[in-house]
Amino acid sequence: MRGLIYKDLYLIRHKCVSELIMILLLTVVVIVLTALPGDVPVAAAPVMAIFVNMYIVLLVAVLYNDIIKIDTTKEWGFYSITIPGTEKEVIAAKYIVVFIVYFIAFVICTVIDIIMGIIYGTSVDSSMAVFALILVNIFLNAVEMPLCYRFGSERGGLIRIAITLFVVVVAVTYLLFGNIEWLMGEDGIFWIIKDAKDKDINIMNVAFDRVSKALKNISLSGVIISSMIPHIVVVVYYISYRISCKVYKKGVVRDDI
């Protein structure tokens, strides 16, 4: 198992190095912009951190495609199913490598928060936003990976895109026709931000104040549901692994490869 994990990490090493260089360059650009003449508001620190960290998670999402697409040849597939139990280890290694790269991304994002905090002289913590985005990506990966093993990485990716588009359509339909008092109502987010802008009040401070109040007023059921989400994603990820083990052999012997 350790050898398979090392093999997958070794095969993506060049892509990892290039993405680390891109992250470093983006961080340097942000630092240079901060060092330019003029006062940068302290409230901009979380915005800068979230911007850089979202970019990091996006790079990991791109790296995921490389993790899945390596060793997709029919010869490797036949090799993995000729030894009893090997296919499960091959699949488990992929799932573990995906987890590893997301963990590394989370650590890098934490370091970015610390750097931004030092630059702006304030406490910066975008970990919740980063963690939420990583959970969304892991959930999408859990949906896509069994499809990739069964139908191939290209078809699996297309199916994942179709599912994502369906979710987007549902969300847009809700925004157009559903109850969006929380967004456009009298006390909705849109009018609060517009009022803050008209009064020349820092929008970030207003946003943080609204989020803090919302967290204080959250119900017990809301706390329970939100705390269960990471566990649910992990369970879905494990179920995805089990499904991948079931369909892997059918994917290897399909006729289109």
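In the block above lies the structure referred to throughout.
Starting afresh in each chain, residues are numbered from 1 along the sequence in its written order. At least 70 in pLDDT is required for a residue's local features to be given in this predicted model, at least 80 for side-chain atom pairs to be given and counted, and no such filter applies to totals for whole chains, interfaces and linings, which use all residues. Computation of side-chain values covers all heavy atoms of the structure but excludes hydrogens and water.

## Structural notes on the overall build of the protein
Numbering of helices and strands starts at the N terminus; helices are DSSP runs of H or I of at least 4 residues and strands are runs of E of at least 2. For the protein, the count of helices and strands is eleven helices and zero strands. Secondary structure of the protein in N-to-C order comes out as α-α-α-α-α-α-α-α-α-α-α. Going through the 257 residues of the protein one by one, you find that 34% of them count as buried. Expressed as a percentage of contacts within the protein between residues at least 6 apart in sequence, the contacts between residues at least 24 apart total 80%. In this scheme, a residue with accessible area under 20% of its type's maximum is buried, one over 50% is exposed, and one in between is partly exposed, where area comes from a 1.4 Å probe on protein chains only. Here, residues are in contact when the closest pair of their heavy atoms is within 4.5 Å.

## What about helix α1 (residues 2–11)?
Restricting attention to buried positions, one finds in α1 the residues L4, I5, K7 and D8. Buried residues along α1 cover an arc of 160° about the axis, so they all sit on one side. Residues of α1 that are exposed and point over 90 degrees away from its buried face: R2 and Y6. In this context, the arc is that of the directions from the helix axis out to the C-beta atoms.

## A short note on a nonpolar patch on the surface
Two distance rules govern patches: like charges are joined within 9 Å, and nonpolar side chains (Val, Leu, Ile, Met, Phe, Trp, Tyr) within 5 Å, applied only to residues with over 30% relative accessible area and no salt bridge. The method behind every accessible area is Shrake-Rupley, applied with a 1.4 Å probe, and residues are considered shielded solely by the protein chains displayed. By convention in these notes, a salt bridge is any Lys or Arg side-chain nitrogen within 4 Å of a carboxyl oxygen on Asp or Glu. A grouping of F151, I159, I163, F166, V167 and V170 is seen on the molecular surface, where their side chains present a nonpolar patch of about 510 Å² in accessible area. Looking at which element gives the most residues to the nonpolar patch, the answer is helix α7 (residues 153–177), with five residues. Note that F151 resides in helix α6 (residues 127–151).

## Notes on the pattern of salt bridges
In the structure shown here, the tally under the stated rule is three salt bridges. Residue D8 pairs with K94 through a salt bridge whose shortest N-O separation is 3.5 Å. Of this pair, D8 sits in helix α1 while K94 sits in helix α5 (residues 86–120); the two residues are 86 residues apart in sequence, bridging distant segments of the chain. Classification of D8 as buried rests on a relative accessible area of 1%. We classify K94 as buried; its relative accessible area is 3%. Ionic pairing is found between K15 and D66, a salt bridge with its closest N-O pair at 2.8 Å. Linking K15 in helix α2 (residues 13–35) with D66 in helix α3 (residues 44–69), this pair joins segments that are 51 residues apart in sequence.

## With respect to α6
In this model α6 runs 35 Å from its N-terminal to its C-terminal C-alpha over 25 residues, within 8% of the 36 Å that 1.5 Å per residue would give. Bend is the name given here to the angle between axes fitted to two runs of seven residues, the run ending at a residue and the run starting at it. Most pronounced at E144, the bend in α6 amounts to some 25°, and the proline P146 follows within four residues. Between the first and last residue of a helix there are one fewer steps than residues, each counted as 1.5 Å, and that sum is the expected span.

## Comments concerning the environment of V236
Mapped onto the secondary structure, V236 falls in helix α11 (residues 220–252). By relative accessible area, which is 24% here, V236 ends up partly exposed. Here the alpha-carbon distance between V236 and F139, two residues 97 residues apart in the chain, equals 7.2 Å. The residues contacting V236, other than those within four sequence positions of it, are F139 and A142.

## Digging into the packing of α5 against α6
Between α5 and α6, the least distance of the axes is 11 Å, while the angle of their chain directions is 165°. Taken together, the axis directions place α5 and α6 in an arrangement best described as roughly antiparallel. Considering how the two elements wind past one another, α5 and α6 form a crossing that is right-handed. Along the contact surface, α5 presents I91, K94, Y95, V98, F99, Y102, F106, C109 and D113, while α6 presents S127, V130, F131, I134, N137, I138, N141, M145, P146 and Y149. Here the contact of α5 with α6 is composed, by residue class, of 14 nonpolar, three polar and two charged. Each axis is a line fitted through C-alpha atoms, taken for helices only over the stretch in contact, and angles between the N-to-C directions span 0 to 180 degrees. Roughly parallel covers angles under 35 degrees, roughly antiparallel covers those over 145, roughly perpendicular covers 65 to 115, and oblique covers all other angles. The sense of a crossing depends on the near helix, which, turned anticlockwise from the far helix by less than a right angle, makes the crossing left-handed and, turned clockwise, makes it right-handed. For this scheme, ten residues count as nonpolar: Ala, Val, Leu, Ile, Met, Phe, Trp, Tyr, Cys and Pro. Four count as charged, namely Asp, Glu, Lys and Arg, and the remainder, Gly too, count as polar.

## Some points on the packing of aromatic side chains
Working definition: a ring pair exists when centres of Phe, Tyr or Trp rings (six-membered ring for Trp) sit within 6.5 Å. Plane angles under 30 degrees give stacked, over 60 give edge-to-face, the rest tilted. Throughout the structure, instances matching the rule amount to six aromatic pairs. When the centroid spacing of 4.9 Å and the interplanar angle of 80° are considered together, the rings of F99 and Y237 count as edge-to-face. Here F99 is found in helix α5, whereas its partner Y237 is found in helix α11, with 138 residues between them in sequence. Take F99: its relative accessible area is 35%, and that puts it in the partly exposed class. Y237 gets classed as buried once you look at its relative accessible area, which sits at 5%. Ring pairing ties together the aromatic residues Y95, F99, Y237, Y238 and Y241, which thus form one cluster.

## Digging into the environment of D113
Relative to the elements of secondary structure, D113 occurs in helix α5. The residues contacting D113, other than those within four sequence positions of it, are A49, N53, V124, D125, S126 and S127. Polar contacts here mean pairs of N or O atoms no more than 3.5 Å apart (in protein, one a potential hydrogen donor and the other a potential acceptor; neighbouring residues in sequence count only if both atoms are side-chain atoms). Polar side-chain contacts of D113 include one of 2.8 Å to the side chain of S126.

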